[in-house]
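Listed below, chain by chain, are the residues.
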Amino acid sequence: GLAEGFGHPCVMTLVSYWSPYSERSTLVSILFGFSFLGNVLAMLVTPFLIELLGWRWVFYLAGLLGVVWLVFWVAFGSDRPSNNRWVSKAEAEYIEANLTDPATLFNKAEPVDVNEQLSPDPDRSNKSLLLEGGRNPEKQRLLKRDNFEVEEDEIPNPTFWQGIKYLAPWKKIMTSSQIYAVFAANFATHTIGFILSNWMPSYLTEVHGASLEQLAYLTPLPYVAIFVMSLLVGVLADRMRSKGMHIRNVRKIMNAIGLIGPGLCTLGLALWPWFIGPLELEVAVAFLTAAFGFNAFVHAGFESNFMDLSPKFAGIIFSISFPPLFIF
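How each quantity is defined
Residues numbered from 1 in each chain as written. Predicted model: local features only at pLDDT ≥ 70, side-chain atom pairs only at ≥ 80, totals over all residues. Heavy atoms only, no water. Axes fitted to C-alpha atoms, helices over the stretch in contact; angles between N-to-C directions. Helix = DSSP H or I, 4+ residues; strand = E, 2+ residues; numbered from the N terminus. Parallel < 35°, antiparallel > 145°, perpendicular 65-115°, else oblique. Left-handed = near helix turned anticlockwise from the far one by under 90°. Contact = heavy atoms within 4.5 Å. Nonpolar A, V, L, I, M, F, W, Y, C, P; charged D, E, K, R; others polar. Salt bridge = Lys/Arg side-chain N within 4 Å of Asp/Glu carboxyl O. Buried < 20%, exposed > 50% of the residue type's maximum accessible area, 1.4 Å probe, protein only.

A.B. asks: Help me understand the packing of helix H1 (residues 7-18) against helix H2 (residues 24-53), please; the structure alone is not making it clear to me.
C.D. replies: Packed helix pairs are specified by the crossing angle of their axes together with the interaxial distance, meaning the distance between the axes. One can describe the packing of H1 onto H2 by two numbers: an axis separation of 10 Å at closest approach and a directional angle of 150 degrees. As judged from the angle between their axes, H1 and H2 are roughly antiparallel. In the packing of H1 onto H2, the handedness of the crossing is right-handed. For the pair formed by H1 and H2, the contact residues are His8, Val11, Met12, Val15, Ser16 and Trp18 on the first element and Arg24, Leu27, Val28, Leu31 and Phe32 on the second. Class assignment of the residues belonging to the contact of H1 with H2 gives a composition of eight nonpolar, two polar and one charged.

A.B. asks: What exactly am I supposed to notice about the pattern of salt bridges here?
C.D. replies: Here the idea is simple: oppositely charged side chains can pair when their charged atoms come close. A full pass over the atoms with the stated rule returns three salt bridges. Two residues, Asp308 and Arg24, come together in a salt bridge whose shortest N-O distance is 3.4 Å. On the criterion of sequence distance, the pair formed by Asp308 in helix H14 (residues 302-309) and Arg24 in helix H2 is long-range, its members being 284 residues apart. One exposure class covers both Asp308 and Arg24, and it is buried. Between Asp79 and Arg80 there is a salt bridge; the shortest N-O distance is 3.9 Å. For Asp79, a relative accessible area of 40% puts it in the partly exposed group. Within the structure, one salt-bridge network assembled from shared partners comprises Arg24, Arg251 and Asp308.

Shown next, in the form of structure tokens:
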């Protein structure tokens, strides 16, 4: 669990450097979708492994897969397209030139605090930095940090706290209303997601009397639904953007569907016995499957919005959005 905590922020940072804004929703949705496919495969394979080889082999196989992934990552992976020998120069230039959606840059009519740091201001010079920061080296570094101009060797042998201080424009991040909107969406999404995932087997067995054999083929269905929908919603969101819809509206629509849809489905589970009659096992699974399917829309909503707000700091923003959720 401790090691896994490094995974998602790193993935978010990598995706922010590898996804052109016109294809970002598709890439993020496919990425998260395949994580749910992994859940399905684990549910199907684990019982057979335990029966044939014993429970220890579940952990052996999981660790072995991690080592196999590491081999491929070392061979083919890199932090940026320009550092990857398997990517052509033309493709790398295209990707890195299109990381930021022009619609989110310097929008003075609707200020986006963090977006205004996405690329250096061409009119900003070393002279202006000197004027704003005076001759105080620390103030100059902070200004250059906020303008994406700090180089690693400008802070020789930094202490731990200096490294944290210069890592990101913390004040602008923590005072941005857009950031807190994303935090709220993340909290709402994963709260209902964790509840459904963790309690679904108990709910089906204790309330509807599902047997272990039934759970074996019913429990994966919601994860199959979210996987399939993930492959579709990203393409839909990018299509809406290419047709001229503002990225802000695309994200709001996708996120609304991804939150309201599961809410209505779980509400249906509660109200069905009151207005229609006994809730059969098959109907309950259908509601849960639909809830997971609707939840896939958030991949093209707030989960892509981390990179819209700030590609460079997407991993940091993503990581600090989770502690309140786990405390809850």
